Amino acid sequence: MTNRGHREYEALIGSSPEESLREVRLRSPRMYDVLIELGFGGILAYGGLSRAAREIATVAILAAIGGAEPQLTLHAKAALRAGVSPSELLALCEHVAGYAGFPRALNALSVVDEVLGDAGVPRPAALSRIGLTDHETLVARRGEDGPPVLLVHALGLDWRMWEPIMPRLSAGRRVYAYDVRGHGHAAGAPAPRTMADTGADLVNVLDALGLDRAHVVGLSYGGAIAQAAAVAAPQRFASLSLLATTDQPFDAFEGRARSAEADGMPAQVIPSLTRWFTPAALAANAWGVRYARECVLRGEAADWAGAWRAFQHFEVRERLGGLDLPALVLDGELDTAAPPGLMAAIAERIPGAVYRRLPGAPHMQTLETPDLVAGALEEFLPVQA
């Protein structure tokens, strides 16, 4: 017998087959040999599918056939080891419901939930729909007590870009993230005319959540939205945190709008992802990159163009000096989307703002360097006493 099956088993499962399959080997040495040599050393070792893709397929098949919970547990763990994200495993269970029925999907969900719990993965954020002036959006929440924190996402993405840091921030805080107009659940909403419209949406979200004031955190387009709301309604802000953003429009915004209209959303993937992530992150293709790529591909050209055109009408720079609230400005060392020195200049315009540069951080800080972002925000944002 070759060692190929042993190597593949250890790579996928994380332990030696002699240890994990000891009972199988005692019951039937031949079954053990066939499983390792022909299964793991044959089909599973073939490079036609990546390990992650094979584990996704295996989990789906085991969930669909039902009655294979021990094997499903084993391969759900293997999927995590292969780089499949917890949210992708949960989405897979939801997908199974449409093809194999709810009983088997629910059984699979129970297994996946246990596997994720054992791995220390928190359960998903609570979701609710809220009505705003002219559209409905989705709000995610983590945390039951403490100061409220509202997170505002980047252009082209949705509230999920905050998932990597929400569990940490929710320790002693109530953390909310919503889908901006034209994004996620709010796709297809009337396009904003200016950034003041998106700022008004933010205030309306606070109203819908019953929050008089909140600590607002915005990244990129979300940072612009937060600034637009802050200069219009500073009394609704307990603090302002700006990540990888700008306080002025750029000529490139119209070009990005026109490109989506003329060339479609697939043409936006390469220029967007290469602005947002480092080459190393793109090569690793972890969940953050995969998520961002899917968001861009699935986006509507009209929503994308509308957001960029609203971004062209953004006038806050001369009003930042009038803000009287705690402010944090986070700059990414490797951010190629925000020009050098831009974030430091924003910090200088906001009285008393704290400025920090995150080492090795790109534009999409929460998706590539979440621990750095979470750490900086934890230091700045208050917690329940």
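Everything numeric in this text was worked out from a predicted model, so none of it was measured. The numbers attached to residues start from 1 for each chain and follow its sequence in the written order. Reporting in this predicted model follows two pLDDT cut-offs: at least 70 for local features of residues, and 80 or more for side-chain atom pairs to be given and counted; totals over whole chains, interfaces and linings ignore these cut-offs and use all residues. In computing side-chain values, all of the structure's heavy atoms are included and hydrogens and water are not.

(A) Local environment of the environment of Gly 341. Take Gly 341: it is sitting in the loop between β7 (327-332) and α17 (342-349). Burial classes: relative accessible area under 20% of the type maximum marks a residue as buried, over 50% as exposed, and values in between as partly exposed (1.4 Å probe, protein chains only). By relative accessible area, which is 35% here, Gly 341 ends up partly exposed. In sequence terms Gly 341 and Asp 331 are ten residues apart; their C-alpha atoms lie 8.7 Å from each other. Put simply, DSSP H or I for four residues or longer makes a helix, DSSP E for two residues or longer makes a strand, and each gets a number counted from the N terminus.

(B) Expanded view of the side chain of Gln 227. Following the sequence through the fold, Gln 227 ends up in helix α11 (residues 221-232). Note on contacts: a residue pair is in contact if any heavy atoms of the two residues lie within 4.5 Å. Among all residues touching Gln 227, those that are not within four sequence positions of it are Leu 242, Thr 245, Thr 246, Asp 247, Phe 314, Val 316 and Leu 320.

(C) A look at the pairing of strand β2 (residues 136-142). Of all seven residues in β2, five are buried, a share of seventy percent or more. For two strands to be treated as a pair, DSSP must find no fewer than two bridges joining them. Where β2 meets strand β4 (residues 174-178), four bridges bridge the pair, whose relative direction is antiparallel. Bridge pairing links Arg 142 to Val 175 in β4.

(D) Region of the structure containing the nonpolar core. Judged by nonpolar contacts, the single largest core of 93 residues is most densely connected at Leu 157, Trp 162 and Leu 202. Among the elements that line this core, the one with the most residues is α11, at eight residues. Residues in contact with Trp 162, not counting those within four places in the same chain, are Leu 151, Val 152, His 153, Ala 177, Val 217, Gly 218, Leu 219, Leu 243 and Thr 366. Note on terminology: a nonpolar core comprises buried Ala, Val, Leu, Ile, Met, Phe, Trp, Tyr and Cys residues joined through side-chain atoms within 4.5 Å. Counting 20 residues, the second largest nonpolar core, distinct from the first, contains Leu 62, Leu 72, Leu 92 and Ala 108.

(E) Up close: the side chain of Arg 142. Relative to the helices and strands, Arg 142 is located in strand β2. Working convention for charge: Lys and Arg count positive, Asp and Glu count negative, and His plus the chain ends are omitted. Only one rule defines a salt bridge in this text: a Lys or Arg side-chain nitrogen within 4 Å of an Asp or Glu carboxyl oxygen. Buried Arg 142, no salt bridge; nearest opposite-charge side chain is Glu 163, N-O distance 5.2 Å. A distance of 2.7 Å separates a polar side-chain atom of Arg 142 from the backbone oxygen of Arg 123. Not counting residues within four places of it along the chain, the set of residues in contact with Arg 142 comprises Pro 122, Arg 123, Pro 124, Ala 125, Met 166, Pro 167, Ser 170, Arg 173, Arg 174 and Val 175. Any N or O atom pair separated by 3.5 Å or less is treated as a polar contact, with the protein-specific requirement of one donor-capable and one acceptor-capable atom, and with residues adjacent in sequence counted only for side-chain atom pairs.

(F) Structural context of the UniProt feature "domain: AB hydrolase-1" (unreviewed entry) in the chain. Within this structure's numbering, the places UniProt gives as "domain: AB hydrolase-1" (unreviewed entry) are residues 147-368. Counting secondary structure, residues 147-368 comes out at 41% helix and 15% strand; the distance between its end C-alpha atoms is 26 Å. UniProt positions are given in the numbering used here, feature names are shortened, and annotations may be inferred rather than shown by experiment.

(G) Up close: the packing of helix α12 (residues 252-263) against helix α16 (residues 301-312). Here the axes come from fitting lines to C-alpha atoms, over the contacting stretch only for helices, and the angles between their N-to-C directions go from 0 to 180 degrees. Running from amino to carboxyl end, α12 crosses α16 at an angle of 165 degrees, the nearest separation of the two axes being 8 Å. What the angle tells us is that α12 and α16 run roughly antiparallel. Every pair of crossing elements has a handedness; the one defined by α12 and α16 is left-handed. Along the contact surface, α12 presents Phe 253, Glu 254, Arg 256, Ala 257, Arg 258, Ala 260 and Glu 261, while α16 presents Ala 301, Trp 304, Ala 305, Trp 308, Arg 309, Phe 311 and Gln 312. Between 65 and 115 degrees an angle is taken as roughly perpendicular, under 35 as roughly parallel, over 145 as roughly antiparallel, and anywhere else as oblique. The crossing is said to be left-handed when, going from far helix to near helix, the turn is anticlockwise and less than a right angle, and right-handed when the turn is clockwise.

(H) How the structure looks around the packing of aromatic side chains. Pairing of aromatic side chains here covers Phe, Tyr and the six-membered ring of Trp, requires ring centres within 6.5 Å, and sorts the geometry by plane angle: under 30 degrees stacked, over 60 edge-to-face, intermediate tilted. On inspection of all chains with the given rule, the structure shows nine aromatic pairs. With 5.3 Å between their ring centres and 70 degrees between their planes, Tyr 221 and Phe 311 make a pair best called edge-to-face. Highlighted residues: Tyr 221 in helix α11 and Phe 311 in helix α16, separated in sequence by 90 residues. Ring geometry for Phe 253 against Phe 311: centres 4.5 Å apart, planes inclined by 25 degrees, an arrangement best described as stacked. Separated by 58 residues along the polypeptide, Phe 253 in helix α12 and Phe 311 in helix α16 bring together distant segments of the chain. Feature note: the residues Tyr 221, Phe 250, Phe 253, Trp 304, Trp 308, Phe 311 and Phe 314 constitute an aromatic cluster, connected by ring pairs.

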